[in-house]
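Reading the structure
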Amino acid sequence: MEKKNRFGELISSAGKTAKNLFDNAVQAVDQNDDGKFNFSDIAEIAENVGDAMKKGTQVVKDGAEEKARQLELKALQPIFSDSLDSADFFMPKFIRVTERDKRHAESEVCQGSIGYSSDQKGLHFINLFRDSLEAFGLAFYPDNESEFYYVDPSDRDRYIALDEYFSYLKIARVNELQKIAQDLGAKHFKVTYMEEKTAFSEKKGKIGINLKGVGNSEGKREITEKKYDKIEIAAEMECPGHEPMKPQLKYMQRDPSIQTLVAMRMDESAPLMRQKFMLKMSNSSGIKEADAVKIDAVLKGLKYSGNTTVESEAKNEARRYLEYEIEF
């Protein structure tokens with residue numbers, strides 16, 4: 001009899017548990033809180049599932065759109081006004097001034113851009129839209145009508161048209177040497193523009209190799225001699241002379257010969273009377289041969305052609321000198 005009662009209790013307990021589970025299940029699916037699970041609940045569940053699917057689809061869509069946006073930004077590399085204030089932004093030495101092209105003008109991610117970056121032939125440069133030049137705060141010589149520019153080696157915010165770069169710097173350095181002479185109180189100075197010629201000559205004679213039992217051997221040896229052509233006297237002046245004042249150096253600020261000249265002239269304990277030396281023009285030129293090669297490759301890729309190449313101009317610059325003679 002006792003066993004039957006215990007069995008009944010178990011059945012009753014199991015029934016209560018099942019009822020609780022059922023009630024909880026009904027409560028979970030009861031969407032309108034009427035305590036029943038019916039067709040209205042099924043409709044609401046379906047609506048909720050539909051909303052969740054829509055939200056999921058929207059999230060996927062938004063993610064795909066953002067990914068496409070990032071890919072377009074990476075491809076077009078637009079520059080905006082606030083980009084100029086970023087710590088990661090720097091203005092390269094070589095730049096291009098161009099019209100706003102159709103691709104950047106029509107792209108949503110490029111709206112409001114003032115230019116774009118390019119990386120070609122191992123060279124990083126910036127394309128400045130001509131209608132947004134003021135935003136960059138740069139100065140251009142002789143004007144902003146050219147396409148390609150290179151930075152002035154004495155002024156980071158000034159760019160010189162590539163076609164006039166080397167001729168402009170030649171005049172600028174001659175003018176600075178003239179100003180240096182005047183500030184230091186020179187009575188006479190002369191600047192001569194010169195170009196190095198390399199001549200090879202062969203001479204017969206004993207090379208000087210003494211082998212045991214053989215003696216000195218005869219042969220030819222090649223001798224390289226450096227000679228210079230005086231192309232022109234770039235500047236010359238007679239002055240009354242005066243007490244020196246320290247000049248403000250720009251293009252010649254890193255030239256050791258000029259630095260020494262100024263230091264010696266300003267030293268009152270050891271008065272300087274006369275000085276003559278050669279200034280290698282490539283030492284104060286901004287474009288090195290390695291950079292010139294990359295620039296030529298970019299110009300070729302952009303279908304730009306000129307009378308000469310930047311590389312040949314840089315090589316010529318390496319053979320050019322300014323002979324500086326100054327008397328006090």
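Overview of the structure. (Residues numbered from 1 in each chain as written. Predicted model: local features only at pLDDT ≥ 70, side-chain atom pairs only at ≥ 80, totals over all residues. Heavy atoms only, no water.)

Attention shifts here to the overall build of the protein chain. For the protein chain, the count of helices and strands is seven helices and eleven strands. Partitioning the intrachain contacts of the protein chain with sequence separation of at least 6 by distance along the chain shows that 67% fall at a separation of at least 24. When the accessible area of the protein chain is evaluated, it comes to approximately 21200 Å², of which 51% is carbon and sulfur surface. (Helix = DSSP H or I, 4+ residues; strand = E, 2+ residues; numbered from the N terminus. Contact = heavy atoms within 4.5 Å. Areas by Shrake-Rupley, 256 points an atom, 1.4 Å probe, with all protein chains shown as cover.)

In this fold, Ser285 is placed in the loop between β10 (274-280) and α6 (289-301). Apart from residues lying up to four places away in sequence, Ser285 is in contact with Tyr165, Phe166, Leu169, Arg173 and Glu317.

Before going further, it helps to spend a moment on the layout of surface pockets. Approximately 370 Å³ is the volume found for the largest pocket. Asp163, Gly306, Thr308, Thr309 and Val310 are the residues nearest the centre of the largest pocket, which is lined by 16 residues in total. Top contributing element to the lining of the largest pocket by residue count: α6, with four residues. Grouping the constituent residues of the lining of the largest pocket by class yields six nonpolar, six polar and four charged. If you add up the space inside the second largest pocket, you get close to 310 Å³. Lining the second largest pocket are 19 residues, and of these Pro153, Arg254, Ser284, Ser285 and Gly286 lie nearest its centre. Every element with two or more residues in the lining of the second largest pocket is listed here: β6 (148-152) and β7 (155-161). Counting residues per element, the lining of the second largest pocket draws most heavily on β6, at three residues. (1 Å grid on protein atoms, 1.4 Å probe; cavity = no way out; pocket = protein on both sides within 12 Å on 5 of 7 lines; lining within 4 Å. Points joined across faces, edges and corners; volume = space filled by probe spheres on them. Nonpolar A, V, L, I, M, F, W, Y, C, P; charged D, E, K, R; others polar.)

Before going further, it helps to examine the sheet that holds strand β2 (residues 94-98). Taken together, the seven strands give an open sheet; going across it, the order is β1-β3-β4-β2-β6-β7-β5, and neighbouring strands pair in mixed fashion. The sheet is open, and its two edges are formed by β1 (78-79) and β5 (139-141), each paired on a single side. Along the sheet face, helix α4 (residues 165-183) touches β5, β6 and β7 and points at about 120 degrees away from the line of β7. Of the strands in this sheet, β2, β3 (115-120), β4 (123-129) and β6 are in contact with α6, which crosses β4 at around 50 degrees. (Pairing = 2+ DSSP bridges. Axes fitted to C-alpha atoms, helices over the stretch in contact; angles between N-to-C directions.)

To continue, consider helix α5 (residues 256-266). Along α5, the positions that sit buried rather than exposed are Ile258, Leu261, Val262 and Arg265. Across the axial projection of α5, the buried residues extend over an arc of 95 degrees, all falling on one side. For α5, the N-terminal capping position is held by Asp255, with its side-chain oxygen 3.0 Å away from the main-chain nitrogen of Ser257. (Buried < 20%, exposed > 50% of the residue type's maximum accessible area, 1.4 Å probe, protein only. Arc of directions from axis to C-beta. Polar contact = N/O pair within 3.5 Å; in protein donor to acceptor, adjacent residues only side chain to side chain.)

Once that is clear, we can look at the packing of aromatic side chains. For the structure on display, the rule yields nine aromatic pairs. Ring centres 5.5 Å apart and planes at 85 degrees place the aromatic pair Tyr165 and Phe166 in the edge-to-face group. Both residues of the pair, Tyr165 and Phe166, belong to the buried class. Ring pairing ties together the aromatic residues Phe94, Phe125, Phe148 and Tyr304, which thus form one cluster. In this structure, Lys170 packs its charged tip against the face of Tyr193, placed 3.9 Å from the ring centre. (Phe/Tyr/Trp six-rings, centres within 6.5 Å; stacked < 30°, edge-to-face > 60°. Lys NZ or Arg CZ within 6 Å of the ring centre and 35° of its normal.)

Before going further, it helps to examine the nonpolar core. Counting residues in each nonpolar core, the largest one holds 35 residues, and the members touching the most others are Phe94, Phe140 and Leu162. Looking at this core, the element that brings in the most residues is α4, giving five residues. Once residues lying within four places of it in the same chain are set aside, the contact partners of Leu162 are Phe94, Phe148, Tyr149, Tyr150, Ile287, Ile295, Leu299 and Val310. In terms of nonpolar packing, the next biggest core, distinct from the first, is built from 22 residues, Leu177, Ala181, Ala235 and Tyr324 among them. (Core = buried A, V, L, I, M, F, W, Y, C linked by side-chain atoms within 4.5 Å.)

Now for the pattern of salt bridges. The tally for this structure, following the rule as stated, stands at 15 salt bridges. For Arg96, the salt bridge goes to Glu147, with nearest N and O atoms at 2.9 Å. Of this pair, Arg96 sits in strand β2 while Glu147 sits in the loop between β5 and β6; the two residues are 51 residues apart in sequence, bridging distant segments of the chain. Of the charged contacts in the structure, one is a salt bridge between Glu195 and Arg319, with a shortest N-O distance of 3.3 Å. Of this pair, Glu195 sits in strand β8 (residues 188-211) while Arg319 sits in the loop between α7 (310-318) and β11 (320-327), and the two are 124 residues apart along the sequence. Through salt bridges with shared partners, a single ionic network connects Arg173, Glu195, Glu313, Glu317, Arg319 and Arg320. (Salt bridge = Lys/Arg side-chain N within 4 Å of Asp/Glu carboxyl O.)

Attention shifts here to the environment of Ala135. Tracing the backbone through its elements, the reader meets Ala135 in the loop between β4 and β5. Distance from Ala135 to Asp82, taken between C-alpha atoms, is 9.9 Å for residues 53 residues apart in sequence. Look past the residues within four positions of Ala135 in its chain and what remains in contact with it is Ser81, Leu84 and Ile114.

Here the focus is the pairing of β3. Where β1 meets β3, two bridges bridge the pair, whose relative direction is antiparallel. Its bridge partner lying in β3, Pro78 is registered against Tyr116. With six bridges joining them, β3 and β4 adopt antiparallel strand pairing. Residue pairing for β4: Gly115 is matched across the bridge by Leu128.

Moving on: unusual backbone geometry. A cis amide bond, omega -5 degrees, links Tyr141 with the succeeding residue Pro142. Relative to the assigned elements, Pro142 resides in the loop between β5 and β6. For Gln77, which is not glycine, the phi dihedral falls at a positive 45 degrees. By the secondary structure assignment, Gln77 is in the loop between α2 (39-76) and β1. Judged by its relative accessible area of 27%, Gln77 falls in the partly exposed class. Positive phi values are uncommon outside glycine, yet Lys121 reaches one of about 55 degrees. Along the chain, Lys121 turns up in the loop between β3 and β4.

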